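# Fold and geometry: a report
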There are 2 protein chains.
Amino acid sequence: METKTALTVLSGLAQESRLGIFRLLVEVGHQGLFAGEIATRLEIPATTLSFHLKNMSGAGLVVSERQGTSIRYSANFDVMNGLVSYLTANCCGGDLNACAPK
Amino acid sequence: METKTALTVLSGLAQESRLGIFRLLVEVGHQGLFAGEIATRLEIPATTLSFHLKNMSGAGLVVSERQGTSIRYSANFDVMNGLVSYLTANCCGGDLNACAPK
DNA sequence: TTTTTGTTTCCATAATTCTAGAATAATGGA
DNA sequence: TCCATTATTCTAGAATTATGGAAACAAAAA
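Basis of the calculations
Residues numbered from 1 in each chain as written. Chains lettered and ligands numbered in written order. Predicted model: local features only at pLDDT ≥ 70, side-chain atom pairs only at ≥ 80, totals over all residues. Heavy atoms only, no water. Near = heavy atom within 4 Å. Polar contact = N/O pair within 3.5 Å; in protein donor to acceptor, adjacent residues only side chain to side chain. Helix = DSSP H or I, 4+ residues; strand = E, 2+ residues; numbered from the N terminus. Nonpolar A, V, L, I, M, F, W, Y, C, P; charged D, E, K, R; others polar. Least-squares fit on C-alpha atoms with pLDDT ≥ 70 in both. Contact = heavy atoms within 4.5 Å. Pairing = 2+ DSSP bridges. Axes fitted to C-alpha atoms, helices over the stretch in contact; angles between N-to-C directions. Disulfide = S-S within 2.5 Å. Buried < 20%, exposed > 50% of the residue type's maximum accessible area, 1.4 Å probe, protein only. Buried area = accessible area lost by both parts, 1.4 Å probe. Salt bridge = Lys/Arg side-chain N within 4 Å of Asp/Glu carboxyl O.

Attention now goes to the protein's contact with DNA strand C. Among the 22 residues in the neighbourhood of DNA strand C, the closest are listed as Gln15(A), His52(A), Thr69(A), Gly36(B) and Tyr73(B). Within the contact set of DNA strand C, a phosphate oxygen lies 3.2 Å away from a backbone nitrogen or oxygen of Ala35(B). Breaking the surface near DNA strand C down by element, the ones donating at least two residues are helix 2 (16-28) and helix 4 (46-59) of chain A together with helix 3 (35-42), helix 4 (46-59) and strand 3 (70-75) of chain B. Considering only residue class, the surface near DNA strand C consists of 7 nonpolar, 12 polar and 3 charged.

Structure follows, in structure tokens:
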């Protein structure tokens, strides 16, 4: 993952509403949730939610699929895992143990 | 890690200068760098750097130690690892394999 | 004490981001 | 076609964040 992408992903998560959306979708798993369900569960106005979902889609954090009048959103786990790799890459000049969790 | 903390940490990383600072400190490892060295290497004005380092200190992303007139900054690996754990916790309703890297 | 080096705080400006109402669009059923 | 449902775009105001120069501050050396 490139730095520019990592920044976009981090910005996509560094906001209360969006982090809540992402965590909810991560917990739900691959089947995801309809936009309306997310709005109801998190008590976010539809327009505000749409603003954040657009941001997250652009960052690749979520993927969407239309089903009739509804749109199903789910977390993109690959991007999350890529971010984790990015943050821990090139750690400590190659000494992997130096920054590993204890 | 609590959601509020995770948000602070994510915000601490979701900015071009700060991500650059963090990555540099991660690569350097535990010995860290003096503020002036960071400013020189990344070509960031001292006042701007100080602003960001203060932000990152508050988020726990870096720790500092004065040595004479200089201040040495180094990455806090525990916080980074905590963030990684937070993001992957409670994934897929407990089905750990569902969101693991392939 | 005065000077020098390194860093931070203060401040004004600029830029970005968040919020949510009104209007608009897309889908599918009657 | 008309209507109900669901979701998005447009818009503008509010709030937050970033930038960098001037000044202040801290520590060590002259």
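Our next topic: the relation of the copies chain B and chain A. Superposition of chain B onto chain A requires a rotation of 180° combined with a translation of 0.0 Å along the rotation axis, giving an RMSD of 0.0 Å. Such values leave the two copies arranged in the relation of a two-fold axis. When the interface residues of chain B are mapped onto chain A, 100% of them are again interface residues, pointing to one common binding face.

In the region of DNA strand D, 21 residues are neighbours, and Gly36(A), Tyr73(A), Arg18(B), Thr47(B) and His52(B) sit closest. Looking at DNA strand D alone, sugar and phosphate atoms form 67% of those within 4 Å of the protein. At 2.8 Å, a backbone N or O of Gly36(A) approaches a phosphate oxygen of DNA strand D. Secondary-structure elements contributing two or more residues to the surface near DNA strand D are helix 3 (35-42), helix 4 and strand 3 (70-75) of chain A together with helix 4 of chain B. In terms of residue class, the surface near DNA strand D is built from 7 nonpolar, 11 polar and 3 charged.

Residues and elements named next belong to chain B. The sheet built from 3 strands is open, its strands ordered 1-3-2 with antiparallel pairing. Only two strands of the sheet have a single partner each, and these edge strands are strand 1 (33-34) and strand 2 (62-67). Inspection of the sheet shows strand 2 paired to strand 3 by 6 bridges, in the antiparallel sense. Bridge pairing links Val 63 to Ser 74 in strand 3. The strands touched by helix 2 (residues 16-28) are strand 1, strand 2 and strand 3; relative to strand 3, the strand with the most contacts, the crossing angle is about 85°.

Glancing now at the state of the cysteines. Residue and element names in this part refer to chain A. Inspection of every chain in the model, using the stated rule, returns 0 disulfides over all chains. Looking at Cys 92, it has no disulfide partner, and the nearest cysteine sulfur is the one in Cys 91, 3.2 Å off. For Cys 92, a relative accessible area of 11% corresponds to the buried category.

This brings us to the interface of chain B and chain A. With 34 residues of chain B at the contact, the number on the chain A side is 34 residues. Note on chain B versus chain A: buried area summed over both sides is about 2800 Å², and carbon and sulfur give 68% of it. Considering only the surface of chain B that becomes buried against chain A, Leu19(B), Arg23(B) and Leu87(B) emerge as the three largest contributors, covering 20% of it. Taken together, the links from chain B to chain A amount to 0 salt bridges. Summed over the shared surface of chain B and chain A, the result is 4 residue pairs in polar contact (both at pLDDT 80 or more). Mapped by element, the contributors of at least two residues to the side of chain B that touches chain A are helix 1 (3-13), helix 2 and helix 5 (77-88) of chain B. Per element, the largest residue contribution to the side of chain B that touches chain A is 9 residues, and it comes from helix 5 of chain B. Looking at the side of chain B that touches chain A, its residues break down into 20 nonpolar, 9 polar and 5 charged.

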